[in-house]
Amino acid sequence: MIIYDLCCNNGHRFEGWFRSAEDFQQQSDRHLVSCPQCDSHDVRRVPSAVAIGSANNTEPATSVTKAGSSHSSTALMPAGDEVMALYRQLVQAIANSSEDVGASFADEARKIHYNEAPERPIRGQASQDECEALRDEGIHVLHLPALKEEDLN
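These figures come from a predicted structure and were not determined experimentally.

Undergrad: Before we move on, can you summarise the packing of aromatic side chains with the specific residues and values?
TA: Scanning the model with the defined rule gives three aromatic pairs in all. Ring plane angle 65° and centroid distance 5.7 Å describe the contact between Tyr4 and Phe24, whose orientation is recorded as edge-to-face. Placement of the pair is Tyr4 in strand S1 (residues 2-8) and Phe24 in helix H1 (residues 21-29), with a sequence separation of 20 residues. Judged by relative accessible area, Tyr4 falls into the buried class, the value being 10%. Following the ring pairs from residue to residue traces out a cluster consisting of Tyr4, Phe18 and Phe24. Its end group placed over the ring of Tyr4, Arg45 keeps NZ or CZ at 3.9 Å from the ring centre.

What follows is the structure, given as structure tokens:
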């Protein structure tokens, strides 16, 4: 996976995870890449702060606190709208890179786990009991809470 720093035409910065540069370009051309804050599809790659530096700077990049001081173990946690935007970006990345198997999720996950179906990323619906049963069988699942579409915009 490649993580790109992206920016929309409204100046919102965010990250995107892609399999390759070609994957980013193809998704961008098909308007599958959008800003998690304003939903703009006019998105471009921007230089990463980690990749920017001088030849004399051999120290790794550090996080900067609100006060402006630099500490290598400090990170700013997003809050409110930023959290929802990050969650929306996560859900969109999962949707873009997985197959929707709907209500057959638990059955299909088992088939994949027991090599009865081709291995691939899937998503769908499963009850809490089904998710627990899958975990008991050693099948790793990620249960994302369902949100209304208007909460993701």
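Undergrad: How would you sum up the sheet that holds strand S2 (residues 13-18)? Please name residues and give values.
TA: Strand pairing in a sheet is mediated by backbone hydrogen bonds. Such pairs are either parallel or antiparallel. On the basis of which strands lie adjacent, the open sheet formed by three strands has the order S2-S1-S3 and antiparallel pairing. With partners counted over all chains shown, the strands left at the sheet margins are S2 and strand S3 (43-45), one partner each. Going from strand to strand, the sheet's axes swing by 40° on average, the running direction of each strand aside. Bridge count for S1 against S2 is six bridges, and the pairing is antiparallel.

The rules we used
Residues numbered from 1 in each chain as written. Predicted model: local features only at pLDDT ≥ 70, side-chain atom pairs only at ≥ 80, totals over all residues. Heavy atoms only, no water. Phe/Tyr/Trp six-rings, centres within 6.5 Å; stacked < 30°, edge-to-face > 60°. Helix = DSSP H or I, 4+ residues; strand = E, 2+ residues; numbered from the N terminus. Buried < 20%, exposed > 50% of the residue type's maximum accessible area, 1.4 Å probe, protein only. Lys NZ or Arg CZ within 6 Å of the ring centre and 35° of its normal. Pairing = 2+ DSSP bridges. Axes fitted to C-alpha atoms, helices over the stretch in contact; angles between N-to-C directions.

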